[in-house]
Amino acid sequence: MANINFTSSSPPPVREIPGSYGLPLLGPLADRLNYSWFQGPETFFRKRIEKNQSTVFRTNVPPTFPLFFANPNVVAVLDCKSFAHMFDMELVEKKNILVGDWMPSTRFTGDRRVCAYLDTSEPQHEQIKNFAMDTLKRSSTNWIPTLTTVLDTMWDTIESQLPSGPVSYLVPIQKFIFAFSSLCIAGADPANSPDIADNGYIRMDRWLAVQLLPTVPINILQPLVEIFLHSFPYPYFLVSRDYNKLYEFVEKEGKEVISRGQTEFKLSKEDTVHNLLFILGFNAFGGFSILFPSLLSALESDKTGIQEKLRKEVREKAGSESGLSLRSVQEMDLVQSFVYETLRLNPPVPLQYGRARKDFELSSHDSAFKIKEGELLCGYQPLVMRDPKVFDDPETFVPDRFTGQKGKELLTYLYWSNGPQTGMPSASNKQCAGKDFVTLTTSLFLAHLFMRYDFVTITGASFSAVEKPKPKSKNE
Ligand code: HEM
């Protein structure tokens, strides 16, 4: 399809925003139970698109009472065109709304609001975002050697356990992500700290879980989850020991990066370390921990022989001497497209929010709506990324969707990073500072896999077999 242009000669007709928030208390309660329990987020939003005959409508989203002082009223924006208004920083403000109208206690981040909760109008946003992007840029020469070393350790461990049966990849992948992100983002080597080498990833998991649990839909053991996990925020002291250990690790091992934060970006030492920890733990570790399993699950479900095609491309472009480089990976069109398609169908951060800075008119593909200053927009990316007006066969995983000229044009509508894939993160927007690092790292992960193996057999969250390339005979 591509070449879709959102600007049209005749503006769409203005319509009242359909949907309602229901009766006080009862409306939010009914929506909360449907969202988290009876329907789940996807059906929840789909049913309301059908009922309202519109991809823009009013609804409530969790968290709601009893102990959340949050306003659950939002305007849902569920097509590519209306969703894209949230990238326009003249129209929306992003202060404290990373996970909705409620934010976890700042106790979890050293009693300060870290970058992801800051609006672009706050001076610290520019300092920290520039610091984050600079840190990645400086470490870019180390990405390939670091990734190769840490990945080889992961695969050696998995291979050594395979003779005893299928090996779950969840823990090895988390250990890999933790080590790789620590090295590339904080310049900190977990191997220098025995506790962190063994438990760093679990400490991160616990810190993330306790702050985010109230907002994550978990459709098992209901209504217990609703009553005990979604009714109140959790206190920081449950994970203070974990966070302090992680802080000590970054403070001790990441001295060079911390000192740059202080001297070049004029941040205090505490601001630097807490922000580094958030970027390393919440953004990178949290994001990759969702993305890599989605990537492997896409390989598992493929019935089109994609592994053979990926292997062929990787070995052709990398050359026979294990020549993985940033340049060779950027030439691997199918590998990159496979990563983009994984991000399209499984965006690791599913919900995005934006608060109207002023009254403005918001358009979907067929209508325009008047948004009032202060209203909260809420986009659910898994549906936005299946907008049939933008993506052909939107529900299907099409590995080569983003190849060729048409595929490249489609990247304008790939939004996993809170901005188009063709956009540039900067201090004046809220697009993910790691946008290119994420897609390159994930492409490198896939390329490394097909340099090392001819084929991998994945069942659920486990590897059950890996086939190594056969040694070449003398005549070959
Ligand atoms: C922001 C996704 C990895 C740094 C964001 C946002 C998303 C996102 C959706 C915007 C959230 C919002 O405001 O609504 C992801 C995913 C990742 C990932 C899915 C991995 C798979 C990284 C990495 C870095 C990073 C490796 C390292 C620098 C940031 C920062 C922000 C951000 C600093 C805040 C941007 C700002 O305040 O302007 N990320 N991210 N992210 N991300 Fe990432």
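Above this note sits the structure.
Nothing here was measured: the structure is a model prediction, and the numbers come from that model.

1. A look at the overall build of the protein
Right, on to step 1. When you go through the protein residue by residue, the secondary structure sums to 17 helices and 10 strands.
Right, on to step 2. Principal-axis analysis of the C-alpha atoms places the extent of the protein at approximately 75 × 50 × 45 Å.
Right, on to step 3. In the protein, which comprises 476 residues, the proportion classed as buried is 54%.
Right, on to step 4. Once local pairs closer than 6 in sequence are excluded, the contacts in the protein between residues at least 24 apart make up 72%.
Right, on to step 5. Total accessible area on the protein is roughly 21000 Å²; 56% of this is exposed by carbon and sulfur atoms.
Right, on to step 6. One finds the centroid of the 51 positive side-chain charges in the protein at a distance of 1 Å from the centroid of its 54 negative side-chain charges.

2. So, the coordination of the iron atom of the ligand
Right, on to step 1. The protein supplies the iron atom of the ligand with one donor atom, Cys432 (SG), which lies at 2.3 Å.
Right, on to step 2. Along the chain, Cys432 turns up in the loop between helix H16 (404-410) and helix H17 (435-452).

3. Quick look at the nonpolar core
Right, on to step 1. Membership of the largest hydrophobic core comes to 128 residues, with the highest contact counts inside it found for Phe176 and Phe445.
Right, on to step 2. Per-element accounting of this core gives the leading share, 16 residues, to helix H11 (residues 269-301).
Right, on to step 3. Of all hydrophobic cores here, the second largest spans 15 residues; its members include Tyr35, Leu78, Leu351 and Tyr353.

4. Focus: empty space enclosed by the protein
Right, on to step 1. This structure, assessed with the given rule, holds two cavities of 30 Å³ or more.
Right, on to step 2. Size it by volume and the largest cavity reaches roughly 60 Å³.
Right, on to step 3. In terms of lining residues, the largest cavity is bounded by Val61, Pro62, Pro63, Ala70, Asn71, Pro72, Asn73, Val74, Gly100, Asp101, Tyr353 and Leu376.
Right, on to step 4. Empty space within the second largest cavity amounts to approximately 30 Å³.
Right, on to step 5. Lining the second largest cavity we find Met103, Pro104, Ser105, Thr106, Phe108, Thr109, Tyr117, Gln211 and Phe278.
Right, on to step 6. When its residues are assigned to classes, the lining of the second largest cavity shows five nonpolar, four polar and no charged.

5. Quick word on the layout of surface pockets
Right, on to step 1. Estimated volume of the second largest pocket: approximately 450 Å³.
Right, on to step 2. Forming the boundary of the second largest pocket are 21 residues, of which Val150, Thr153, Lys175, Phe176 and Ala179 lie nearest the centre.
Right, on to step 3. Elements represented by at least two residues in the lining of the second largest pocket include exactly helix H5 (143-161), strand E4 (167-168), helix H6 (170-186) and helix H7 (194-212).
Right, on to step 4. At seven residues, H6 tops the list of elements feeding residues into the lining of the second largest pocket.
Right, on to step 5. Its residues placed into classes, the lining of the second largest pocket shows 14 nonpolar, five polar and two charged.

6. A word on the site of the ligand
Right, on to step 1. The full set close to the ligand counts 25 residues, and Lys94, His125, Lys129, Lys430 and Cys432 are the nearest of them.
Right, on to step 2. Between the ligand and Lys94, the relevant distance is 3.0 Å, taken from an oxygen atom to a side-chain nitrogen or oxygen of the residue.
Right, on to step 3. When contributions to the shell around the ligand are tallied by element, the ones reaching two or more residues are helix H4 (123-139), H11 and H17.
Right, on to step 4. Counted by class, the shell around the ligand contains 14 nonpolar, eight polar and three charged residues.

Definitions and cut-offs
- Residues numbered from 1 in each chain as written.
- Predicted model: local features only at pLDDT ≥ 70, side-chain atom pairs only at ≥ 80, totals over all residues.
- Heavy atoms only, no water.
- Helix = DSSP H or I, 4+ residues; strand = E, 2+ residues; numbered from the N terminus.
- Buried < 20%, exposed > 50% of the residue type's maximum accessible area, 1.4 Å probe, protein only.
- Contact = heavy atoms within 4.5 Å.
- Areas by Shrake-Rupley, 256 points an atom, 1.4 Å probe, with all protein chains shown as cover.
- Lys, Arg positive; Asp, Glu negative; His and termini not counted.
- Charge placed at Lys NZ, Arg CZ, Asp CG, Glu CD.
- Donors = N, O, S within 2.8 Å, 3.2 Å for Na, K, Ca; no water.
- Core = buried A, V, L, I, M, F, W, Y, C linked by side-chain atoms within 4.5 Å.
- 1 Å grid on protein atoms, 1.4 Å probe; cavity = no way out; pocket = protein on both sides within 12 Å on 5 of 7 lines; lining within 4 Å.
- Points joined across faces, edges and corners; volume = space filled by probe spheres on them.
- Nonpolar A, V, L, I, M, F, W, Y, C, P; charged D, E, K, R; others polar.
- Near = heavy atom within 4 Å.
- Polar contact = N/O pair within 3.5 Å; in protein donor to acceptor, adjacent residues only side chain to side chain.

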